[in-house]
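Here's the letter readout for the chains.
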Amino acid sequence: MNPTLLTAATLKERSLPTPREGSKDERGSALILGGSASVPGAALLAGVAALRAGAGKLKIATVQSAAVGMALTVPEAMVIGLPETSEGSIDGVRALECLRTAAKGCDALLVGPGLLGSKPTTAMAVELLQALPAATFILDAAAICALAAHADDVRRHKGRVVITPHAGEMAQLLDRSRDAVEADPLDAALTAADLLQVVVVMKGAQTWIVDPQGARWLYEGGGVGLATSGSGDALAGIVVGLLARGVNPLTAALWGVYLHGEAGRRLAASVGPIGFLARELSGEVPRLLYEASA
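Residues numbered from 1 in each chain as written. Predicted model: local features only at pLDDT ≥ 70, side-chain atom pairs only at ≥ 80, totals over all residues. Heavy atoms only, no water.

**Remarks on empty space enclosed by the protein**
Regions of empty space are outlined by a rolling probe, equal in size to a water molecule, passed over the atoms.
Piece 1. Overall, the coordinates contain one cavity of 30 Å³ or more when judged by the stated rule.
Piece 2. For the largest cavity, the calculated volume is near 40 Å³.
Piece 3. Lining the largest cavity we find S89, I90, G92, L115, L116, P120, T121 and M124.
Piece 4. At three residues, helix α5 (residues 118-131) tops the list of elements feeding residues into the lining of the largest cavity.
Piece 5. When grouped by side-chain class, the residues that make up the lining of the largest cavity number five nonpolar, three polar and no charged. (1 Å grid on protein atoms, 1.4 Å probe; cavity = no way out; pocket = protein on both sides within 12 Å on 5 of 7 lines; lining within 4 Å. Points joined across faces, edges and corners; volume = space filled by probe spheres on them. Helix = DSSP H or I, 4+ residues; strand = E, 2+ residues; numbered from the N terminus. Nonpolar A, V, L, I, M, F, W, Y, C, P; charged D, E, K, R; others polar.)

**Structural notes on the sheet that holds strand β8 (residues 199-202)**
Piece 1. Pairing is mixed in the open sheet, where ten strands are placed in the order β1-β10-β9-β8-β7-β6-β5-β2-β3-β4. Of all strands in the sheet, those with a lone pairing partner are β1 (4-5) and β4 (78-82), marking the two edges.
Piece 2. Strand direction decides the pairing type here: β8 and strand β9 (residues 207-210), joined by three bridges, are antiparallel. Within β9, the position partnered with V200 by the bridge is V210.
Piece 3. Seen against the sheet, helix α2 (residues 41-52) touches β2 (29-33), β3 (57-63) and β5 (108-111) and runs at an angle of roughly 175 degrees to β3.
Piece 4. Most of the contacts of helix α9 (residues 185-196) go to β9, to which it runs at about 30 degrees, and overall it touches β7 (161-164), β8, β9 and β10 (216-219). (Pairing = 2+ DSSP bridges. Contact = heavy atoms within 4.5 Å. Axes fitted to C-alpha atoms, helices over the stretch in contact; angles between N-to-C directions.)

**A look at the packing of helix α10 (residues 231-244) against helix α11 (residues 249-270)**
Piece 1. Contact pair α10 / α11: the axes reach a minimum separation of 8 Å and the direction vectors enclose 140 degrees. In this view, α10 runs oblique relative to α11, as classed from their interaxial angle. Of the two elements, α10 crosses α11, and the hand of that crossing is right-handed. Facing α10, whose interface residues are S231, A234, L235, I238, V239, L242 and L243, α11 presents P249, A252, A253, W255, G256, V257, L259 and H260.
Piece 2. Classifying every residue of the contact of α10 with α11 gives twelve nonpolar, three polar and no charged. (Parallel < 35°, antiparallel > 145°, perpendicular 65-115°, else oblique. Left-handed = near helix turned anticlockwise from the far one by under 90°.)

**Examining α9**
Piece 1. Between its terminal C-alpha atoms α9 stretches 16 Å, which fits the 16 Å expected from twelve residues at 1.5 Å a residue.
Piece 2. For α9, the full list of buried residues reads L186, A188, A189, A192, A193 and L196. On an axial view of α9, the arc spanned by its buried residues comes to 160 degrees, and they lie on one face.
Piece 3. Following α9 by one or two positions, Q197 has its phi on the positive side, about 60 degrees. (Expected span 1.5 Å × (residues − 1). Buried < 20%, exposed > 50% of the residue type's maximum accessible area, 1.4 Å probe, protein only. Arc of directions from axis to C-beta.)

Purely spatial values, then, with no claim about function.
So, in structure tokens, the structure goes:
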């Protein structure tokens, strides 16, 4: 099966909702579970990107030590400080009840940016999947690596999940070498999509997006400048913002990859091909969305 190239023209067939009036509730609520004492900024990057993609409301659940700083830096968000371990990561056991309460009423959840430890992160993700059967999810970073052991739990969420691995995370998920994943990223993406029944965004210089039925799209890349710290957090945030707006997982993944990549192209033109920052990507998204809907 030949892939569909992901371009502005091919996305025209998958238009996004265009809210013109109404309350912020109509654009949905996103919750981001992320951050640690050593990597607090990952949740921040994702949160700002979710709002730039049009989410109506935002919650960020992060380690207690980063919560006040997060709330001051992202005043648009409700920030929930969670119990943390001595290593500075979220204590999943003690935080679980608080997380369940915070997640009530949320339309879309992102689990992973800046979280430490694949097994405890995956355990939190699975608990939330079970607690919120109607919500859509994007699982990123540490939330991906140990998912194979919980494939039944993910499959039961009936296609309302997106995962966004890079080659190293995919290698851990599938128990393959990183070299094998990089040699054939499409095969890895198709295998993961079938195993978990999720939409897969296989990140790389070229990005593959596949669904559980085996359809595949290829985005040929937004430039080398996107290979920078925090870029994946911005991408995940854009996708969860679209999911919160009620966009289905495949369409949200396609638009998220396109908006992220085109933001990179624009910054490459205005700033330079390398050296722009991940925090600058989300600022390009509202204009890209406006132009796409014009």
